[in-house]
Amino acid sequence: MSTAAAFVDATNSRYGLSTKNLLLLGGSEVARLQDMIATDHEWKPKNDEVGGIEPRPPVSGQRIVVKLDWKNAPLACENFATLCSNGSDKKSKVPVGDCGKPLTFRGSNIHRVIPGFVVQGGDFVKGNGSGGESIFGKKFKDERAGLAVNLDRRGLLAMGNSGKNSVSLCCKRSHELTCTVLIKDAAMRWQTWCVRNCIFSARRLGGVLTFWEVVFGELISGMEVLDEIEKHGSISGTPKVPIVISDCGVYQPFSTAGAGYWYDQPDCGTYSGFSPSFIVRPRVAVIAPSKDALERFRIALGNFCQIASELEEDELQRTEQVATVSKLLANFCVDVVLVAPACKDIKTSILLPVAWSRKEEIADEVVIVAKPIDALTSVHSSSWMSRQTTWKFDGNL
């Protein structure tokens, strides 16, 4: 996508494009970009692999948010959170470990991806899973409560080890963390965390992992990103393309976007030639009276929002549905709840969790009643997210 953005910025006049900004081009213009690049003597790739140039934003988005289990595995959480937050403040110097490398996941790679089983990465020492260092030294002791948690569902985060009390690598006190993973050959950038032997477990897990890994967190947002990463895995575990953690940090509710993708805006005034900006995709839960209504919401929101949950209203299950929405909000899995007009009565039943209700200025802007046709506009203009003046929203640039 970066190549396509640079091409549009440099040649828009030559090809009669409507704007220099790739994200603002019309659909027919975007559809012609690959052919334009393929026939342009200056921009045509030397290896003729024009198909690898993606002019459209990634459907899956590029950010994952994980909630840490400080109660059962405080050491693993402290280690993981610190290695994620180190370097997020550009003014602070990243500490260097005994290995001679900066103690941060930023810039390390994902070295193992086995579809349906495991994703491992974050070895910032050797890059292959045999190295690594924690903030406590080379290794630290196992945490029994974390070992007791079964790897029985997809999206769990765990520390691997090489024997008793040999846990190595993983993050201060914050519940959610994010980092960026860049798949170079695919010209895509992903938001996810991964450390040496940090595991995203899938359903088809056997006992091999269950009794050896300290589970210390769970993915709460961005499962579709994990799905996309899996597509680049192999039976041997070697990723088909290089996958690198290019950024990471601590998720701050109401100030950190939970989903979206990176866009490299061409900028001749910078050393790199571009200025990266994060394009936000609001995470939405939808409550509608029927499957057809849910489908209309899905079409209206398109890829401009990440639909985290879809609930078909059922009077007999209203209590459970309200509890589901409240849990999603409490864990910061969603940003906005959209309610179809036919289900507007349920809005009064949804009580905002304490963390949300304390924000009095946004209390009435979290659960919104809207028709499918007005869904995207409501999220961008009527929700609390419209107060984030520095955020750039996908579909509302």
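Shown above is the structure to which this text applies.
Residues numbered from 1 in each chain as written. Predicted model: local features only at pLDDT ≥ 70, side-chain atom pairs only at ≥ 80, totals over all residues. Heavy atoms only, no water.

1. As for the packing of aromatic side chains
- Considering all chains together, one arrives at 12 aromatic pairs under this definition.
- Ring centres 5.0 Å apart and planes at 85 degrees place the aromatic pair Phe254 and Trp356 in the edge-to-face group. Pair noted here: Phe254 is in the loop between strand E8 (243-250) and strand E9 (260-266) and Trp356 is in helix H9 (residues 354-357), with a separation of 102 residues, a long-range link.
- For Trp356, a relative accessible area of 1% gives the class buried. (Phe/Tyr/Trp six-rings, centres within 6.5 Å; stacked < 30°, edge-to-face > 60°. Helix = DSSP H or I, 4+ residues; strand = E, 2+ residues; numbered from the N terminus. Buried < 20%, exposed > 50% of the residue type's maximum accessible area, 1.4 Å probe, protein only.)

2. A look at the pattern of salt bridges
- Across all of its chains, the model carries 13 salt bridges by this definition.
- Here Glu230 makes a salt bridge to Arg154, at a shortest N to O gap of 2.2 Å.
- Note that Glu365 and Arg387 form a salt bridge whose closest N and O atoms lie 2.9 Å from each other. Of this pair, Glu365 sits in the loop between H9 and strand E14 (367-369) while Arg387 is found in the loop between helix H10 (375-381) and strand E15 (392-393), placing the two residues 22 residues apart along the sequence. (Salt bridge = Lys/Arg side-chain N within 4 Å of Asp/Glu carboxyl O.)

3. Thoughts on the sheet that holds strand E12 (residues 306-312)
- Pairing is parallel across the open sheet formed by 4 strands, whose spatial order is E12-E11-E13-E14. Because the sheet does not close on itself, it has two edges, and the strands there are E12 and E14. When strand polarity is set aside, the average angle formed by the axes of neighbouring strands in this sheet is 20 degrees. (Pairing = 2+ DSSP bridges. Axes fitted to C-alpha atoms, helices over the stretch in contact; angles between N-to-C directions.)

4. Regarding the layout of surface pockets
- Put simply, the largest pocket is a space of about 520 Å³.
- The wall of the largest pocket is formed by 25 residues, among which Ile220, Ser221, Gly222, Gln306 and Ala308 lie closest to the centre.
- For the lining of the largest pocket, the elements supplying multiple residues, two or more each, are strand E7 (214-221), helix H6 (223-230), E12 and helix H8 (318-330).
- Of the residues assigned to the lining of the largest pocket, the class counts are 10 nonpolar, 10 polar and 5 charged. (1 Å grid on protein atoms, 1.4 Å probe; cavity = no way out; pocket = protein on both sides within 12 Å on 5 of 7 lines; lining within 4 Å. Points joined across faces, edges and corners; volume = space filled by probe spheres on them. Nonpolar A, V, L, I, M, F, W, Y, C, P; charged D, E, K, R; others polar.)

5. Things to note about the packing of helix H1 (residues 2-11) against helix H2 (residues 27-39)
- It is at 11 Å that the axes of H1 and H2 come closest, and there the two elements cross at 80 degrees. Between H1 and H2, the interaxial angle falls into the category roughly perpendicular. Contacts between H1 and H2 involve Ala4, Phe7 and Val8 on the former and, on the latter, Leu33, Met36 and Ile37.
- For the contact of H1 with H2, a count of residues per class yields 6 nonpolar, no polar and no charged. (Parallel < 35°, antiparallel > 145°, perpendicular 65-115°, else oblique. Contact = heavy atoms within 4.5 Å.)

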